[in-house]
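Notes for the structure review
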Amino acid sequence: MLYSEKVFDHFRNPRNLGKIEDADGIGEVGNAKCGDIMKMYLKISDGIITDVKFNTFGCGSAIATSSMATEMIKGKSVADALTLSNQAVVEALDGLPAHKIHCSVLAEEAVKAAVKDYYDKNGIAYDPEQFKENDCEGCEK
Ligand code: FES
């Protein structure tokens, strides 16, 4: 089978779908190749992500990976969220077909973009290295 049960589950019943009106950090990323867009909203209190929502205008794998990514960072510290890799999200979903790995990169980048927005808005210093582009290991180029 091409997609795991978990991918189907998160695609059919996405967790944390929607928008946070008074979000502390918002990240929007897009994939130039497929044109898909993902938006991530974070509510942060004392360095902890207390709420997270997302909106994805994209394929099923993008929806499933963003849904799983929100579950993986909710309740975690901002620093922990920054270490979330697309590979970890893919593993949590029991895998994705090779040509769909790039969709999971969008989820990682959306989380990072939202954290960066939070840092910028609050004047928190950070190492730009933490936000360098994911070179999409495992992606079919
Ligand atoms: Fe574009 Fe999946 S095909 S994110």
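In this report, the structure presented in the accompanying data block is examined. Residue numbers restart at each chain and count upward from 1, following the sequence in its written direction. For a predicted model such as this one, the threshold for reporting local features is a pLDDT of at least 70, and the threshold for listing and counting side-chain atom pairs is 80 or more; totals across whole chains, interfaces and linings nevertheless cover every residue. Side-chain measures here rest on the full set of heavy atoms in the structure, leaving out hydrogens and waters.

**Section: the packing of helix α1 (residues 5-12) against helix α2 (residues 60-73)**
What describes two packed helices is the angle between their axes and the distance between those same axes. Put simply, the rule reads: Fitting a line to C-alpha atoms yields each axis, with helices limited to the stretch in contact; the angle taken between N-to-C directions then spans 0 to 180 degrees. In DSSP terms, a helix is any run of H or I states spanning at least four residues, a strand is any run of E spanning at least two, and both are numbered starting from the N terminus. Between 65 and 115 degrees an angle is taken as roughly perpendicular, under 35 as roughly parallel, over 145 as roughly antiparallel, and anywhere else as oblique. The criterion used for residue contact is that any of the two residues' heavy atoms lie within 4.5 Å. Ten residue types, Ala, Val, Leu, Ile, Met, Phe, Trp, Tyr, Cys and Pro, are classed as nonpolar, four, Asp, Glu, Lys and Arg, as charged, and the remainder, Gly among them, as polar.
Running from amino to carboxyl end, α1 crosses α2 at an angle of 90 degrees, the nearest separation of the two axes being 8 Å. In this view, α1 runs roughly perpendicular relative to α2, as classed from their interaxial angle. Taking contact as the criterion, the partners of Val7, His10 and Phe11 in α1 are, on α2, Gly60, Ile63, Ala64, Ser67, Met68 and Glu71. Each residue belonging to the contact of α1 with α2 can be placed in one class, and the counts come to five nonpolar, three polar and one charged.

**What about α2?**
Heads up, the condition is: A helix is expected to span 1.5 Å multiplied by its residue count minus one. To sort residues, take the accessible area from a 1.4 Å probe on protein chains only and compare it with the maximum for the residue type: under 20% means buried, over 50% means exposed, and anything in between is partly exposed.
Along its 14 residues, α2 runs 20 Å from first to last C-alpha, staying within 8% of the 20 Å computed at 1.5 Å per residue. Burial analysis of α2 places eleven of its 14 residues in the buried class, the great majority of the element. Within α2, burial applies to Ser61, Ala62, Ile63, Ala64, Thr65, Ser66, Ser67, Met68, Ala69, Thr70 and Ile73. In this structure, the buried residues of α2 make contact with α1, β2 (37-45), β3 (48-57), α3 (78-82), α4 (86-92) and α5 (101-121). Just downstream of α2, Gly75 is the residue with a positive phi angle, here 85 degrees.

Remember, this is a structural readout, not a statement about activity or role.
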